Amino acid sequence: MTSTPRPAIWRFADHDTVRDGDGRTWHRGLRHTQRWAVPGGDTPAGNELDDDAVRGLLADTRAAFAPARPDAYKPLPGRPLTGPDALRLLDIRPATGATLHRCALDRTSAFLGSTTGSPRTPAPGLSPADVRASLRGTAHRHRAARITLDRVHGRIHARYAIADTLHTHTYVLTAP
């Protein structure tokens, strides 16, 4: 029986993290921009990884990826997508899908010093049509939502508030 390989993350951004199957946590941009390293001690440059090596780590089903979460007190990165046509015509090619990462910042988290909020369980395997439909639904339900396309880092961000909680959704674009 053959298995289909998991989609790979199209682009990474500094401050992303990956926990490999052995329990080590790799951080992008920790010591050098666009390079991955494990925190602690003086790690020689030979112990740094590039993006392709990290994609190899993520092929292990025990590995986990967490994107850099946008700061709630700064504008979302990327170009704003305003209006229904911008979302309806959104083209994420060459990416073929996305994984949705969500976080919520409430009063308690903010009081305790968090600027990004608590992460929620990711939703993998979204198709481009799923991404467009989700973003259009967010824009329709939350008129004040801010939605941006950060093509450089392969992300789409959406942010909106419900009562005293700020919700941030990050769609990390994937490719086969």
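Here the structure is shown first, and the text comes after it.
Let me sum up the structure you'll find in this document. Just so you know, these numbers come straight off a predicted model, no measurement behind them.

In terms of helices and strands, the protein chain carries four helices and twelve strands. In terms of C-alpha radius of gyration, the protein chain reaches 17 Å, essentially the compact-globule figure of 16 Å for 176 residues. With the principal axes as the frame, the protein chain shows a C-alpha extent of 50 × 45 × 30 Å. Each of the 176 residues in the protein chain was classed as buried or not, and the buried ones make up 38%. Sequence separation of at least 24 residues holds for 59% of the intrachain contacts in the protein chain that already meet a minimum separation of 6. For the protein chain, the exposed surface amounts to about 10200 Å²; the carbon and sulfur share of it is 54%.

So, about the pattern of salt bridges. Oppositely charged side chains can pair when the atoms bearing their charge come close. Counted according to the given criterion, the structure contains eleven salt bridges. The salt bridge partner of D14 is R28, with a shortest N-O separation of 3.2 Å. Remark: R28 occurs in strand β3 (residues 25-28) and D14 occurs in the loop between β1 (8-9) and β2 (17-19); sequence separation between them is 14 residues. In this structure D14 comes out as partly exposed when scored by relative accessible area, which is 22%. Residue R28 is classed as buried on the basis of its relative accessible area, which comes to 6%.

The next subject is the layout of surface pockets. Estimates place the volume of the second largest pocket at around 340 Å³. Along the walls of the second largest pocket sit 19 residues, with L81, T82, A145, R146 and I147 positioned nearest its centre. For the lining of the second largest pocket, the secondary-structure elements that each account for two or more residues are α2 (84-88), α4 (128-141) and β10 (146-150). Per-class residue counts for the lining of the second largest pocket are nine nonpolar, five polar and five charged.

This part takes up the packing of aromatic side chains. For any pair of aromatic rings, geometry is given as the distance between the ring centres together with the angle between the planes. For the structure on display, the rule yields two aromatic pairs. On the numbers, 5.2 Å between centres and 85 degrees between planes, the contact of F12 with W36 is edge-to-face. A residue pair is termed long-range when its members are at least 10 positions apart, and F12 in the loop between β1 and β2 and W36 in strand β4 (residues 36-37) qualify at 24 residues. Residue class for F12 comes out buried when judged on its relative accessible area of 4%. Using a relative accessible area of 0% as the deciding quantity, one classes W36 as buried. An aromatic cluster is defined as three or more aromatic residues linked by ring pairs; in this entry it consists of F12, W36 and F65. Over the ring of W10 we find R11; its NZ or CZ atom is 4.3 Å from the centre of that ring.

Cut-off values and rules
- Residues numbered from 1 in each chain as written.
- Predicted model: local features only at pLDDT ≥ 70, side-chain atom pairs only at ≥ 80, totals over all residues.
- Heavy atoms only, no water.
- Helix = DSSP H or I, 4+ residues; strand = E, 2+ residues; numbered from the N terminus.
- Rg over C-alpha atoms; globule rule 2.2 N^0.38 Å.
- Buried < 20%, exposed > 50% of the residue type's maximum accessible area, 1.4 Å probe, protein only.
- Contact = heavy atoms within 4.5 Å.
- Areas by Shrake-Rupley, 256 points an atom, 1.4 Å probe, with all protein chains shown as cover.
- Salt bridge = Lys/Arg side-chain N within 4 Å of Asp/Glu carboxyl O.
- 1 Å grid on protein atoms, 1.4 Å probe; cavity = no way out; pocket = protein on both sides within 12 Å on 5 of 7 lines; lining within 4 Å.
- Points joined across faces, edges and corners; volume = space filled by probe spheres on them.
- Nonpolar A, V, L, I, M, F, W, Y, C, P; charged D, E, K, R; others polar.
- Phe/Tyr/Trp six-rings, centres within 6.5 Å; stacked < 30°, edge-to-face > 60°.
- Lys NZ or Arg CZ within 6 Å of the ring centre and 35° of its normal.

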